[in-house]
Amino acid sequence: MIRVFLLACLFLVGVAHAEPSDEMFEKLRNAPSDSEAHDVALDIWASWMESGSATVDVIMQRGVDAQTAGDIETARALYDRVILIKPDYSEAWNRRASIFLMEENYPEALRDLNEVLRLEPRHFGAWSGLGMMFEGMEAPHQALEAYREALVIYPRMQQALAAEKRLAKLTEGQGL
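What counts and what doesn't
Residues numbered from 1 in each chain as written. Predicted model: local features only at pLDDT ≥ 70, side-chain atom pairs only at ≥ 80, totals over all residues. Heavy atoms only, no water. Helix = DSSP H or I, 4+ residues; strand = E, 2+ residues; numbered from the N terminus. Core = buried A, V, L, I, M, F, W, Y, C linked by side-chain atoms within 4.5 Å. Buried < 20%, exposed > 50% of the residue type's maximum accessible area, 1.4 Å probe, protein only. Contact = heavy atoms within 4.5 Å. Axes fitted to C-alpha atoms, helices over the stretch in contact; angles between N-to-C directions. Left-handed = near helix turned anticlockwise from the far one by under 90°. Nonpolar A, V, L, I, M, F, W, Y, C, P; charged D, E, K, R; others polar. pLDDT = per-residue confidence, 0-100. Phe/Tyr/Trp six-rings, centres within 6.5 Å; stacked < 30°, edge-to-face > 60°. Expected span 1.5 Å × (residues − 1). Salt bridge = Lys/Arg side-chain N within 4 Å of Asp/Glu carboxyl O.

Novice: Quick question: what am I supposed to make of the environment of Ser21 here?
Specialist: Considering the arrangement of structural elements, one finds Ser21 in the loop between helix H1 (2–14) and helix H2 (22–29). Note: C-alpha distance between Ser21 and Ile44 (23 residues apart in sequence) is 8.4 Å.

This is the structure in structure tokens:
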């Protein structure tokens, strides 16, 4: 009986999804320098890459490696597989969305980004991806709004800061 209980506990621990803590996001928001914010952001990304399943983590890493090597079809197939195995894993949706964004397949990218943000509303990468998508669709007001959402979470995010500056000037004009 105790053996079954211990095995059940090990199984539950093994499938726990590693999520960034509220403290990590607080640290990200209040980082005193760009380099410290970047380090915290990397820690958050590392947490997002941990699915809680060794199998899923291996498939995800192979997908990331394939995407990095430019083998987009393999990467997409691996991300598809991860989503089938673990549909509540936001980073798989985010990685697949990044492929759709590269291909300018905005309907598919939007679907995946919406799923990322439903699962993890603090995913600053997804908010930034949404901004890029809206820019690609020539919707600067919506792009600006998405980048500003990313900046609420990660105020020192360089890509979002540059986009906000550029788009604010375009959409809101320049003050006197």
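Now, onward.
Novice: Would you mind showing me how to read the nonpolar core here?
Specialist: Soluble globular proteins tend to bury their nonpolar side chains together. Grouped together as the largest cluster of nonpolar side chains are 51 residues, with contacts concentrated most on Leu28, Met60, Phe124 and Leu130. Per element, the largest residue contribution to this core is 7 residues, and it comes from helix H9 (residues 140–153). The contacts of Leu130, once residues within four sequence positions are left out, are Leu110, Leu113, Leu117 and Ala146.

Novice: In this structure, what is going on with the packing of helix H8 (residues 124–136) against helix H10 (residues 158–172)? I would like to understand it.
Specialist: Helix-helix packing is described using two parameters, namely the angle between the two axes and the distance between the axes. Interaxial distance between H8 and H10 falls to 11 Å at its minimum, and their mutual angle equals 35°. For the element pair H8 and H10, the recorded crossing hand is left-handed. Counting all contacts with H8, which are made through Ser128, Met132 and Glu135, the residues of H10 involved are Gln159, Ala163, Arg166 and Leu167. Counted by class, the contact of H8 with H10 contains 3 nonpolar, 2 polar and 2 charged residues.

Novice: For this particular structure, what's the right way to read the confidence of the model for the protein?
Specialist: Of all residues in the protein, 88% attain a pLDDT of 70 or more, and the chain-wide mean is 90. Below a pLDDT of 50 lies the segment residues 1–15, which in the model reaches 5 contacts outside its immediate sequence neighbourhood of four places, other chains included.

Novice: Hey, could you run me through unusual backbone geometry in this one?
Specialist: Working note: non-glycine residues mostly have negative phi, and peptide bonds are mostly trans. At Glu104, a position not held by glycine, the phi torsion is positive, near 60°. Within the fold, Glu104 resides in the loop between helix H6 (90–102) and helix H7 (106–119). Although it is not a glycine, Glu138 sits at a positive phi angle of roughly 55°. The exposure class assigned to Glu138 is exposed, which follows from its relative accessible area of 71%.

Novice: Got a minute to help me understand the packing of aromatic side chains in this structure?
Specialist: Tallied over the entire structure, the rule returns 5 aromatic pairs. Plain terms: the ring middles of Phe25 and Trp48 are 6.3 Å apart, the flat faces sit at 45° to each other, and that makes the pair tilted. A residue pair is termed long-range when its members are at least 10 positions apart, and Phe25 in helix H2 and Trp48 in helix H3 (residues 34–49) qualify at 23 residues. Residue Phe25 shares its accessibility class with Trp48, and that shared class is buried.

Novice: Would you explain H6 in this entry?
Specialist: Since there are 3.6 residues in each turn of an α-helix, residues three or four apart along the chain are aligned in direction. Taking 1.5 Å of rise per residue, the 13 residues of H6 would be expected to cover 18 Å, and the 19 Å separating its terminal C-alpha atoms lies within 8% of that figure. Taken together, the buried positions of H6 are Ser90, Glu91, Ala92, Trp93, Asn94, Arg95, Arg96, Ala97, Ile99, Phe100 and Leu101. Each element contacted by the buried residues of H6 is listed here: H3, helix H4 (54–68), helix H5 (72–85), H7 and H8. With its phi angle positive at about 60°, Glu104 sits one or two positions after the end of H6.

Novice: Where do I start with the pattern of salt bridges in this structure?
Specialist: Opposite charge on two side chains permits them to pair, given that their charged atoms come into close proximity. In the structure shown here, the tally under the stated rule is 16 salt bridges. For Glu26, the salt bridge goes to Arg29, with nearest N and O atoms at 2.8 Å. One end of the pair is Glu26 and the other is Arg29, both in helix H2 and 3 residues apart, which spans about a single turn. For Arg29, a relative accessible area of 34% corresponds to the partly exposed category. In this structure, Glu120 and Arg122 form a salt bridge, with 3.2 Å as the shortest nitrogen-oxygen distance. Owing to a relative accessible area of 23%, Arg122 belongs among the partly exposed residues under this scheme.

Novice: Hey, could you run me through the environment of Pro155 in this one?
Specialist: Along the chain, Pro155 turns up in the loop between H9 and H10. Overall, Pro155 belongs to the partly exposed group, its relative accessible area being 29%. Residues Pro155 and Ala31 lie 124 residues apart in sequence; the distance between their C-alpha atoms is 8.7 Å. Dropping the residues within four chain positions of it, Pro155 is found in contact with Leu28, Arg29 and Leu161.

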